[in-house]
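Results of the structural survey
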Number of protein chains: 2
Amino acid sequence: MRVMDSVSGRYTCLNMNYLLLIMIHIGVGLHAVGGVWPMPQISASSPEQYPLNPEAFYFEYGRQSEAQPGCSVLDAAFKRYFSLIFPDYFPGDNLSVCAGQASLKAETVWGALRGLETFSQLVKIVHFRGILLDTSRHYLPVQAILKTLDAMAYSKFNVFHWHIVDDPSFPYQSQTFPDLSAKGAFHPMTHIYTQTDVQRVISYARLRGIRVLPEFDSPGHTQSWGKGQSDLLTPCYKGGTPSGAFGPVNPTLPSTYQFIARLFKEVSSVFPDSYIHLGGDEVNFFCWKSNPDVRAFMQKMGFGTDFTKLEAFYMESIVNITSTLNKTAIVWQDVFDYHERIPEDTVLHIWKGVPYDYTKELSRITKAGKRVVLAAPWYINHIAYGQDWRKSYTVQPLNFSGTEEQKKLVIGGEVCMWGEYVDATNLTPRLWPRASAAAERLWSDEKQTSSVEKAFPRLQDFRCKLLRYFIFFLVQCFRIIFGSIYN
Amino acid sequence: MRVMDSVSGRYTCLNMNYLLLIMIHIGVGLHAVGGVWPMPQISASSPEQYPLNPEAFYFEYGRQSEAQPGCSVLDAAFKRYFSLIFPDYFPGDNLSVCAGQASLKAETVWGALRGLETFSQLVKIVHFRGILLDTSRHYLPVQAILKTLDAMAYSKFNVFHWHIVDDPSFPYQSQTFPDLSAKGAFHPMTHIYTQTDVQRVISYARLRGIRVLPEFDSPGHTQSWGKGQSDLLTPCYKGGTPSGAFGPVNPTLPSTYQFIARLFKEVSSVFPDSYIHLGGDEVNFFCWKSNPDVRAFMQKMGFGTDFTKLEAFYMESIVNITSTLNKTAIVWQDVFDYHERIPEDTVLHIWKGVPYDYTKELSRITKAGKRVVLAAPWYINHIAYGQDWRKSYTVQPLNFSGTEEQKKLVIGGEVCMWGEYVDATNLTPRLWPRASAAAERLWSDEKQTSSVEKAFPRLQDFRCKLLRYFIFFLVQCFRIIFGSIYN
């Protein structure tokens, strides 16, 4: 009996030579097979429903599979998905046994992970399906991040964009510059992410096939950096003397680039992902303009009074730093407007043109041959009354004026949950299932998922699954806190 | 040492003959006294801050107080507020003892309760300060209601308006008509409120000085009623034959009034409050118009083709039923437009004119001498991005065209959390602290609380208190579930 003949996702069966094969042995016992969210690119189903018996159910690596026992990611995933599929099962239950089998084939471990997710509800990487959490405007406890990573896996997101620091606070505890969090966090002991915390997040994400993309946004959005690193920010002037206020990072001092190089060397080593997000958005030139040293530097460099050239100079410098660290830079789209000399592989992050004019931005930037990630239509921290997931769902990321080559430069999309009004008390209900609407747009075939009305009952069903999963997460936390009568 | 000389609320010291006096004995130890939300009508404070020592702290009834040990409400409140004031305290701690004293004077037990709330953060009833929860569109577990009652007490709300049934579901388990929930609830066993549940809610609310106002909205909003009570709803007609659909309650049959009389007799006995909410809003005449029996009844009664007269007939009949049960009726304002013959003491509930034109409604209805409760500007289920509590805060309930006599007819206000998009997963972050903005408007002196900007830091501080309280609630639940190592 094969429960899932072709329910695995987009990159099933592409190349049998490099195939992972997981045999899923199932026993007969009653379990309704509902829909899957986000919808698989290809699926076939039969009207029969087969019961699953936890006593007779196990995962097994296929004989010809390249992955075999010892593959930590899949070993852990088998354990996790068994618990998700049979949340109420504890050994000692004894039911009738009658064997069956299902198989899951994938080219990569990450694809197999997505297939396991599909199976637990009933595999495309390379593609960027991100969620941004902002841990600067409000601190998010590690548990809230882990819970989000779990939920991301349920919706097949694969990038956690960690907007870890910003103006309000600097919670990242740097080994090289401990003063940054000691003086720049909301609280130096409780509202920080220690190295252990960061490793826990990265490891938890990895086991769920999620990359962690850290963002250290500069030269703007850095007020909190200045508290623990003197001479980093530009002193603003008023009437010829320093006003006491500070502006963006000071791009005129060699010490600035020495600091950035040391900080990013650490960050590159702590976060294993090949990408690093450098920010570069919303730089206010007012303070730079007020500062006589900055103006003198502008003259010396031949920038005249064009402060976008100064920002370009800064961004080029730090992009080059990250290149020497073998990291690819992602920057907010603002950088595009000021630059002609950023490396070819730098990815532009589209956030402007909210909610509708982003198509023009996509046209303009892909025309210049740049890869882009689309975030503009998915700023879902902007809540509205009613079923506002519909707006996210009807986005057509490739529906912009451009060639086929340009369309290929759209490497994915991202849901942003900025933290002005979000903390651990409301993160989960604001994010889920609203983000799942974008997840289907980024995962599934657009033609099969064009109808919002057809999606609605499926999304309602998926929401119920998420709630069951969240209860499971809660129970796991209880076991950590209170111990367990079962183990 | 007197910590609070005059921090108690509006009706302190009005009549010394009927005074409750609670002595609060405090020991010296360090505790910052922050602001109080909602702001007391009158308060005086000194710059000194006094530490509180849990070993030396106790509540005591004043010798001349009418309330003495055995007053269940205050005995329970002393226990509860002790835990809130010293959440980390367990006997066995041993600190230095040095006695002090504070006193709290109130005319009624309920006023003393408010004063205790004031004290835990650092007393006016008769006035209606309500919160509506809708348990028909989404079922809310009893725990979610209890948590809301706790939070209501923290913001000094005094009426829980329980919109218990509506079109989508009938979760109230009636003793007289068990089929109503058996057939009309989302689930006949899990998504219902048993008599025990209802008593638990009423009792929990009472101990917090909160009245429970049940609403059984009819003749519209009754689709779920029809599932368990045949012949109650009006059969709709299409082309001369019944279409299979049903409309509002059928006002033409004597059996309807017999049913309502029996149901309301039960409800009046289950819910001790002297008020009952009868709904009466948004009646669609389309189905009534289609039904030949209803049209014949109209002719017989001399109503012509004016269906508002039919609705008036129905509402008058059920208001009379509640009068014989010694209950005062509250109805949605729609009823006002169709009626000249509702009892003098019926309260009209203003919900129209959202968000701004409700002042006209207030003028019009108070001019007719009717008492009103204002809900229109506080439909806070309508969420918006950002600090939308500011809209609730700037409402001026008495700023409408009318005489002083008319203003006195505004007996209070109500925050409504309709359940279209609200269930236990998002109720708390949607309700708090947003509802607290209206709480201050309904409790505090308008002149002292006219500035939204001044309120902002106080509300932020109050939000932190709420979070501590919620953690306390969670810990209490854990103790129930897991037992406690402390008791």
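Residues numbered from 1 in each chain as written. Chains lettered and ligands numbered in written order. Predicted model: local features only at pLDDT ≥ 70, side-chain atom pairs only at ≥ 80, totals over all residues. Heavy atoms only, no water.

An unreviewed UniProt entry lists chain A under the name Beta-hexosaminidase, with Sphaeramia orbicularis given as the organism. Under the UniProt heading Subcellular location (unreviewed entry), the entry covering chain A gives this text: "Lysosome". (UniProt positions renumbered as here; feature names shortened; annotations may be inferred.)

**Looking at the overall build of chain A**
Along the backbone of chain A there are 17 helices and 13 strands. Considering chain A as a whole, with its 487 residues, one finds that 57% of them fall into the buried category. As displayed, chain A offers around 20800 Å² of accessible surface, 55% of which is attributable to carbon and sulfur atoms. (Helix = DSSP H or I, 4+ residues; strand = E, 2+ residues; numbered from the N terminus. Buried < 20%, exposed > 50% of the residue type's maximum accessible area, 1.4 Å probe, protein only. Areas by Shrake-Rupley, 256 points an atom, 1.4 Å probe, with all protein chains shown as cover.)

**Description of the interface of chain B and chain A**
Contact residues are listed per partner, giving 17 residues for chain B and 17 residues for chain A. Here chain B packs against chain A, burying approximately 1600 Å² in sum over the two surfaces, 68% of which is carbon and sulfur. Taken together, chain B and chain A are joined by two salt bridges. Where A:D423 meets B:R463, a salt bridge forms, and the shortest distance between an N and an O atom there is 2.8 Å. In this assembly, chain B and chain A are joined by six residue pairs in polar contact (both at pLDDT 80 or more). Among the elements that make up the side of chain B that touches chain A, the one with the highest residue count is helix α17 (residues 452-482) of chain B (four residues). Taken together, the residues of the side of chain B that touches chain A break down into eight nonpolar, six polar and three charged. (Contact = heavy atoms within 4.5 Å. Buried area = accessible area lost by both parts, 1.4 Å probe. Salt bridge = Lys/Arg side-chain N within 4 Å of Asp/Glu carboxyl O. Polar contact = N/O pair within 3.5 Å; in protein donor to acceptor, adjacent residues only side chain to side chain. Nonpolar A, V, L, I, M, F, W, Y, C, P; charged D, E, K, R; others polar.)

**Re the UniProt feature "active site" (unreviewed entry) in chain A**
All names here are of chain A. The feature "active site" (unreviewed entry), as annotated in UniProt, sits at E282 in this numbering. Relative to the elements of secondary structure, E282 occurs in the loop between β9 (275-279) and α8 (286-290). Look at E282 and you get partly exposed, because its relative accessible area is 44%. Sequence-distant contacts of E282, defined by excluding residues within four places in its chain, comprise H221, D334 and W351. One polar contact links E282 to H221, side chain to side chain, over a distance of 2.9 Å.

**Considering the relation of the copies chain B and chain A**
For the match of chain B to chain A, the screw axis carries a shift of 0.0 Å, the RMSD comes to 0.0 Å, and the turn is 180°. In short, the pair behaves as if placed about a two-fold rotation axis. No C-alpha of chain B approaches the rotation axis more nearly than that of B:A384, which lies at 2.6 Å. A symmetric contact is evident, with 100% of the interface residues of chain B recurring at the interface of chain A. (Least-squares fit on C-alpha atoms with pLDDT ≥ 70 in both.)

**Some details on the side chain of A:T256**
All names here are of chain A. Residue placement: T256 occurs in helix α7 (residues 254-270). Judged by relative accessible area, which is 1%, T256 ranks as buried. When neighbours within four sequence positions are excluded, T256 is seen to be in contact with D231, L232, V249, N250 and Y314.

**Describing the sheet that holds strand β4 (residues 128-134) of chain A**
Residues and elements named next belong to chain A. Strand order in the closed barrel made by the eight strands is β4-β5-β6-β9-β10-β11-β12-β13, with parallel pairing throughout. If you compare each strand with its neighbour and ignore which way they point, the axes differ by 30° on average. Of the strand pairs in this sheet, strand β12 (residues 371-374) and strand β13 (residues 410-417) are connected by three bridges, and their pairing is parallel. Note on β13: the bridge partner recorded for V372 is V410. Contacts from helix α16 (residues 434-443) reach β4 and β13, with the element oriented near 180° to β13. (Pairing = 2+ DSSP bridges. Axes fitted to C-alpha atoms, helices over the stretch in contact; angles between N-to-C directions.)

**Section: the state of the cysteines**
All names here are of chain B. Taken as a whole and assessed by the stated rule, the structure comprises two disulfides over all chains. With its sulfur 2.2 Å from that of its partner, C236 forms a disulfide with C287. Disulfide C236-C287: torsion about the S-S bond near -110°, hence left-handed. Of this pair, C236 sits in strand β7 (residues 233-238) while C287 sits in helix α8 (residues 286-290); the two residues are 51 residues apart in sequence, bridging distant segments of the chain. A relative accessible area of 11% means that C236 is categorised as buried. Looking at C287, the relative accessible area reads 5%, which means it is buried. (Disulfide = S-S within 2.5 Å.)

**Here's the deal with the sheet that holds strand β4 (residues 128-134) of chain B**
Residues and elements named next belong to chain B. Sheet architecture is closed into a barrel: eight strands sit in the order β4-β5-β6-β9-β10-β11-β12-β13, paired in parallel fashion. Along the sheet, successive strands turn relative to each other by an average axial angle of 30°, direction set aside. Bridge count for strand β9 (residues 275-279) against strand β10 (residues 328-332) is four bridges, and the pairing is parallel. Bridge pairing in β10 places G279 opposite V331. Docked against the sheet, helix α3 (residues 142-154) engages β4 and β5 (159-163), running at close to 150° with respect to β5.

**So, the packing of aromatic side chains**
Between two aromatic rings, the relevant description is the distance of the centres plus the angle of the planes. Residue and element names in this part refer to chain B. Summed over all chains, the structure comprises 55 aromatic pairs over all chains. For the pair F303 and F313, a centre-to-centre distance of 6.1 Å together with 55° between the ring planes defines the contact as tilted. Taken together, the positions of F303 in the loop between α9 (292-301) and α10 (307-324) and F313 in helix α10 put the pair ten residues apart, joining distant regions of the chain. With a relative accessible area of 13%, F303 lands in the buried category. Accessibility expressed as a relative area gives 24% for F313, which makes it partly exposed. (Phe/Tyr/Trp six-rings, centres within 6.5 Å; stacked < 30°, edge-to-face > 60°.)

**Considering the pattern of salt bridges**
Going through the model one piece at a time under the given rule, you end up with 32 salt bridges over all chains. A:R364 is paired through a salt bridge with A:E361; the nearest N and O atoms lie 2.7 Å apart. Residue A:R364 and its partner A:E361 are both found in helix α12 (residues 358-367); the two are separated by three residues, about one turn of the helix. For B:E405, the salt bridge identified is with B:K408, shortest N-O distance 3.5 Å. You can see B:E405 and its partner B:K408 sitting in helix α14 (residues 404-408), three residues apart, about one turn around the helix. Owing to a relative accessible area of 53%, B:E405 belongs among the exposed residues under this scheme. Each of A:D134, A:R137, A:D166 and A:E420 takes part in salt bridges that share partners, so that together they form one network.

**Topic: the packing of helix α7 (residues 254-270) of chain B against α10(B)**
Residues and elements named next belong to chain B. Put simply, α7 and α10 touch, their axes get as near as 10 Å, and they point 35° apart. For the element pair α7 and α10, the recorded crossing hand is right-handed. Contacts between α7 and α10 pair T256, Y257, I260, A261 and F264 from the former with F313, Y314, S317, I318, I321 and T322 from the latter. Here the residues of the contact of α7 with α10 sort into eight nonpolar, three polar and no charged. (Left-handed = near helix turned anticlockwise from the far one by under 90°.)

**Here we look at unusual backbone geometry**
Only a minority of non-glycine residues have a phi that is not negative, and only a minority of peptide bonds are not trans. Residue and element names in this part refer to chain B. Looking along the chain, the bond that leaves S218 and enters P219 is cis, with omega of 10°. Omega for the bond connecting W432 with P433 falls within 30 degrees of zero, at 0°, which places this linkage in the cis form. Within the fold, P433 resides in the loop between α15 (427-431) and α16 (434-443). Residues other than glycine seldom take positive phi values, yet K156 does so here, at roughly 65°. Along the chain, K156 turns up in the loop between α3 and β5. The exposure class assigned to K156 is buried, which follows from its relative accessible area of 0%.

**Let's talk about the side chain of A:S392**
Residue and element names in this part refer to chain A. Here S392 shows up in helix α13 (residues 389-393). With a relative accessible area of 4%, S392 lands in the buried category. In this structure S392 touches W378, I380, A437 and A438, once residues within four positions along its chain are discounted.

**Section: helix α5 (residues 195-207) of chain B**
All names here are of chain B. Between its first and last C-alpha atoms α5 spans 18 Å; for 13 residues at 1.5 Å apiece the expected length is 18 Å, and the two agree. Among the residues of α5, those classed as buried are Q195, D197, V198, V201, I202, Y204, A205 and L207. G209, located one to two residues past α5, shows a positive phi value of around 70°. (Expected span 1.5 Å × (residues − 1).)

**What to know about the environment of B:H382**
For B:H382, the location among the structural elements is in the loop between β12 (371-374) and α13 (389-393). On a C-alpha basis, the gap between B:H382 and B:W418 in space is 8.7 Å, while along the polypeptide they are 36 residues apart. Excluding its chain neighbours within four sequence positions, the residues that come into contact with B:H382 are A:Y385, B:D388 and B:R434.

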